[in-house]
Amino acid sequence: MPLVTPLTADHDLETKELATFFNETLGFCPNSVLTMQRRPAISKAFINLNKAVMANEGRVTSALKRMIAWVSSNATGCRYCQAHAIRAAERYGAEQEQLDNIWEYRTHPAFNDAERAALDFSLAASQIPNAVDSDIQKRLHDHWDEGEIVEMLGVISLFGYLNRWNDSMGTTLENGAIDSGNQYLGKHGFEVGKHA
């Protein structure tokens, strides 16, 4: 049971209108947003930040951004965000081979060196203490420009917020996200856990 019960999607009409963004991303409005709307300023600010972070202004694709989110969420252990991120990666056209082998991104041939640099950055930036070092910096600059690195860190930071929100809240995982989690992450022990 979640720490705080989500409100209905009709509770705050401004949040509801902004939340249509998630219909494309996930196919539903996340329970996390429905909980945030107990303080509508938080839900609205979060949705607007999410939209800004996920906008594509460089070569960092929507699919790669969602895989960056998955690596970050995996590093922190948030099952809710792992399932959401892999679902969104699927919906944004990540290659099937990448979805099936996300756990092996460092060695699997479905991932190129630029993607590996981005995903290693996500892993290092999501650890406590932070593990971003000169090697990761060099590899990032070998493949990405500074604006693209900002986009990646925007995703990592957004999911840092979401990982803490959803794991602390025990946010109930939605059926579609559970299905995606089981399909792509189940072979490595994915379970809903506290998000049931």
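Our subject is the structure that appears above.
First things first, this report covers the structure right here in the doc.

About the criteria used
Residues numbered from 1 in each chain as written. Predicted model: local features only at pLDDT ≥ 70, side-chain atom pairs only at ≥ 80, totals over all residues. Heavy atoms only, no water. Helix = DSSP H or I, 4+ residues; strand = E, 2+ residues; numbered from the N terminus. Buried < 20%, exposed > 50% of the residue type's maximum accessible area, 1.4 Å probe, protein only. Contact = heavy atoms within 4.5 Å. Salt bridge = Lys/Arg side-chain N within 4 Å of Asp/Glu carboxyl O. Lys, Arg positive; Asp, Glu negative; His and termini not counted.

On to the environment of alanine 55, then. With respect to the helices and strands, the residue alanine 55 is situated in the loop between helix H4 (40-54) and helix H5 (62-76). By relative accessible area, alanine 55 is classed as partly exposed at 30%. Sequence separation between alanine 55 and methionine 36 is 19 residues, and the spatial gap between their C-alpha atoms is 22 Å. Contacts of alanine 55, omitting those with residues within four sequence positions, involve Lys65 and Glu151.

Right, let's talk about the pattern of salt bridges for a bit. According to the stated counting rule, one finds eight salt bridges in the structure shown. Two residues, lysine 16 and aspartate 10, come together in a salt bridge whose shortest N-O distance is 2.5 Å. For the salt bridge of aspartate 120 with arginine 106, the shortest nitrogen-to-oxygen distance reads 2.9 Å. A residue pair is termed long-range when its members are at least 10 positions apart, and aspartate 120 in helix H8 (residues 113-125) and arginine 106 in the loop between helix H7 (96-100) and H8 qualify at 14 residues. Overlapping salt bridges bring together Arg106, Asp120 and Arg139 as one network.

Along the chain, the position of aspartate 167 falls in helix H10 (residues 146-169). Summary of buried charges: aspartate 167 has no salt-bridge partner, and the nearest side chain of opposite charge, lysine 194, is 4.2 Å away. Once you skip the residues sitting within four places of it in the chain, aspartate 167 turns out to touch Thr76, Gly77, Cys78, Arg79, Lys194 and His195.

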